[in-house]
Amino acid sequence: MEKINAVITGVGGYVPDYILDNEEMSHIVDTSDEWIMERIGVKTRHILKPEQGSGTSYLMTRAVSQLLEKTQVTPESVEVVICATTTPDYHFPSTASLVIGKLGLTKAFGFDMEAACAGFLFAMETGANMLRSGQYKRIIVCGGDHMSSMTNYQDRNTCPIFGDGAACVMMEATTEEVGLMDSYLRVDGEGYENLHMAAGGSAKMPSHETVDAREHYVYQEGRTVFKHAVTKMADAVETILKRNQLTGEEIDWLIPHQANVRIENAVARRLNIEEKNIMINVDHMANTSGGTLPLCLWEYEPQLKKGDKLVFTAFGAGFSWGANYMIWGYDGEKEAAKSPAQFYKEGTMTRQEWYDLRKQHKD
Ligand code: UT7
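Residues numbered from 1 in each chain as written. Predicted model: local features only at pLDDT ≥ 70, side-chain atom pairs only at ≥ 80, totals over all residues. Heavy atoms only, no water.

Visitor: Sorry if this is basic, but what is going on with the nonpolar core here?
Guide: Soluble globular proteins tend to pack their nonpolar side chains together in the buried interior. If you look at the biggest cluster of nonpolar residues, it comprises 89 residues, and the most contacted ones within it are Ile8, Met171 and Leu297. Top element by residues in this core is helix α7 (residues 222–243). It accounts for nine residues. Each residue touching Met171, except ones within four places of it in the same chain, is listed here: Ala6, Val7, Ile8, Met124, Ala128, Leu131, Lys137, Arg138, Ile139, Val141 and Leu180. Counting residues in hydrophobic clusters, the runner-up holds 24 residues, among them Met60, Cys83, Cys142 and Ala166. (Core = buried A, V, L, I, M, F, W, Y, C linked by side-chain atoms within 4.5 Å. Buried < 20%, exposed > 50% of the residue type's maximum accessible area, 1.4 Å probe, protein only. Helix = DSSP H or I, 4+ residues; strand = E, 2+ residues; numbered from the N terminus. Contact = heavy atoms within 4.5 Å.)

Visitor: Just checking my understanding: could you explain helix α8 (residues 261–271) for this structure?
Guide: Residues Ile263, Glu264, Ala266, Val267, Ala268 and Leu271 constitute the buried set of α8. Packed against the buried residues of α8 are α7, β11 (253–256) and α9 (282–285). Its side-chain oxygen at 2.8 Å from the backbone nitrogen of Arg262, Asn260 defines the N-terminal cap of α8. (Polar contact = N/O pair within 3.5 Å; in protein donor to acceptor, adjacent residues only side chain to side chain.)

Visitor: Can you walk me through the environment of Ile327 in this structure?
Guide: Tracing the chain through its elements places Ile327 in strand β13 (residues 320–327). Owing to a relative accessible area of 16%, Ile327 belongs among the buried residues under this scheme. In sequence terms Ile327 and Met181 are 146 residues apart; their C-alpha atoms lie 7.0 Å from each other. Excluding its chain neighbours within four sequence positions, the residues that come into contact with Ile327 are Glu177, Val178, Gly179, Met181, Gly307 and Asp308.

Visitor: Help me understand the packing of helix α3 (residues 56–71) against helix α4 (residues 95–103) in this model?
Guide: Two packed helices can be described by the angle between their axes and the distance between those axes. Across the interface, α3 lies against α4 with an axial gap of 9 Å and an inter-helix angle of 50°. With respect to each other, α3 and α4 are oriented oblique. In this structure, α3 crosses over α4, and the sense of that crossing is right-handed. Two secondary-structure elements touch here, α3 through Thr56, Ser57, Tyr58, Met60, Thr61, Val64 and Ser65 and α4 through Thr95, Leu98, Val99, Lys102 and Leu103. Considering only residue class, the contact of α3 with α4 consists of six nonpolar, five polar and one charged. (Axes fitted to C-alpha atoms, helices over the stretch in contact; angles between N-to-C directions. Parallel < 35°, antiparallel > 145°, perpendicular 65-115°, else oblique. Left-handed = near helix turned anticlockwise from the far one by under 90°. Nonpolar A, V, L, I, M, F, W, Y, C, P; charged D, E, K, R; others polar.)

Visitor: Would you mind showing me how to read unusual backbone geometry here?
Guide: For residues besides glycine, phi is generally negative; the peptide bonds are generally trans as well. Here Phe92 and Pro93 are connected by a cis peptide whose omega angle stands at 0°. Summarising the element assignment, Pro93 is placed in the loop between β4 (80–84) and α4. Across the junction of Gly318 and Phe319, the peptide omega takes the value -10°, indicating a cis bond. For Ala116, which is not glycine, the phi torsion reads 50° and is therefore positive. The residue Ala116 is located in the loop between β5 (109–113) and α5 (119–132) in this model.

Visitor: Would you mind showing me how to read the sheet that holds strand β6 (residues 138–146) here?
Guide: Within a sheet, each strand pairs with its neighbour through backbone hydrogen bonds, oriented either parallel or antiparallel. Spatially, the five strands line up as an open sheet ordered β1-β7-β6-β4-β5, and their pairing is mixed. The sheet is open, and its two borders are formed by β1 (5–14) and β5, each paired with just one other strand. Neighbouring strand axes in the sheet, compared pairwise and without regard to direction, differ in orientation by 20° on average. Sheet analysis places β6 next to strand β7 (residues 164–174), joined by nine bridges and oriented antiparallel. Following the sheet pairing, Val141 is matched in β7 by Val169. Relative to the sheet, α3 contacts β1, β4, β6 and β7, its axis offset from that of β1 by approximately 115°. (Pairing = 2+ DSSP bridges.)

Visitor: How should the sheet that holds strand β12 (residues 309–316) be read in this particular structure?
Guide: Reading across from one edge, β8-β13-β12-β11 is the order of the four strands in this open sheet, with mixed pairing throughout. Of all strands in the sheet, those bounded by a partner on one side alone are β8 (179–187) and β11. Averaged over all pairs of adjacent strands, the angle between strand axes in this sheet comes to 10°, irrespective of strand direction. Alignment of β12 against β13, held across eight bridges, turns out to be antiparallel. Bridging across to β13, Phe315 finds its partner in Trp321.

Visitor: What should I look at first to understand the packing of α7 against α8 in this one?
Guide: Look at α7 against α8: their axes get within 9 Å of each other, and the N-to-C directions meet at 35°. Our pair here, α7 against α8, has a crossing hand that is right-handed. When α7 is examined against α8, the residues Phe226, Ala229, Val230, Thr231, Met233, Ala234, Asp235, Val237 and Glu238 are found in contact with a partner set consisting of Arg262, Ile263, Ala266, Val267, Arg270 and Leu271. Its residues assigned to classes, the contact of α7 with α8 shows ten nonpolar, one polar and four charged.

Keep in mind these numbers describe shape, not what the thing actually does.
Written out as structure tokens, the structure reads:
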């Protein structure tokens with residue numbers, strides 16, 4: 001029997017209309033555009049306002065809807081939906097069940113995967129193995145978070161970091177030598193103290209006290225997490241490059257978790273990867289947790305070419321981290337051009353404006 005690979009055949013994405021910029025942020029907490037740009041590299045973030053929609057399922061449904069339109073596959077042909085998210089609409093039912101129901105994916109089953117900011121890495125590996133098993137042909141892997149739902153807008157240490165958004169990929173079985181080639185994934189269980197939400201789960205149920213103590217928001221010890229993020233992401237990429245007899249120079253695209261532009265630059269420096277080969281959108285999308293990696297693919301799709309070598313890496317709560325090595329399977333420019341209006345129309349900025357803004361940051 002021929003070896004089955006799992007390849008991405010399409011990308012969809014969605015970010016909400018409302019843009020919270022650093023000027024507005026500086027009226028919410030004691031901060032400034034200068035501090036945020038220097039320490040994090042975020043200029044704007046998209047925020048899902050209640051009047052527009054609610055829940056991560058809203059973001060993911062919009063993303064998957066675009067994916068179905070771009071790829072022109074019938075909803076009935078999708079067999080599985082995996083949603084990597086830390087901000088599910090509810091404890092239960094799953095966000096995946098809401099996406100499946102809203103979009104009429106009548107032959108699919110699905111489930112959520114919670115691995116914080118590393119969720120999309122883990123979900124891609126899980127989805128790829130389902131395809132490699134030969135039992136499934138077509139699945140959708142989503143990554144995204146409604147981070148503003150658990151961001152404490154009284155805490156200047158965390159609130160400038162996060163934004164809302166989701167994106168998704170179609171993964172299909174192929175016998176071509178393309179797709180997800182290797183994954184190095186890790187969890188150490190040592191990160192609770194440094195990065196968590198204290199209450200709301202079964203260990204500390206919601207109560208008046210937990211609400212008063214503001215324990216339903218992200219708590220992060222930034223400096224510690226920063227150090228672990230740089231070391232562990234760089235180590236994971238080094239491991240996967242070595243395992244696949246590759247050097248940093250041979251990688252067409254490094255897709256790092258978008259948490260802080262200083263983290264991304266530090267990882268790339270350690271790996272000898274040039275800035276032009278790194279996908280970066282933290283400046284205008286901030287940290288969307290499970291959404292950062294697929295949102296990068298969504299935005300950079302026109303630049304991707306069949307045969308490109310991609311390495312994804314992420315780090316998050318748990319601690320959870322890792323790297324995926326992928327050979328890209330199609331000419332992105334052609335695919336993105338099929339429905340270009342779909343790509344831009346929801347945002348208040350066009351792609352060109354995004355690029356101009358990013359250039360401005362560098363200067
Ligand atoms: O996605 C999951 C993984 N998460 C990450 O990878 C995030 C990792 N951490 C980080 O990105 C950075 O640590 C932060 C962006 C969270 C913080 O940057 P930092 O350079 O580590 O700053 P710091 O926490 O060491 O704070 C430095 C100073 C402090 O003042 P003092 O004590 O030196 O007087 C803070 O109070 O900056 C102050 N500060 C701020 N000042 C203005 C903290 N937040 C702000 C702010 N505006 N928003």
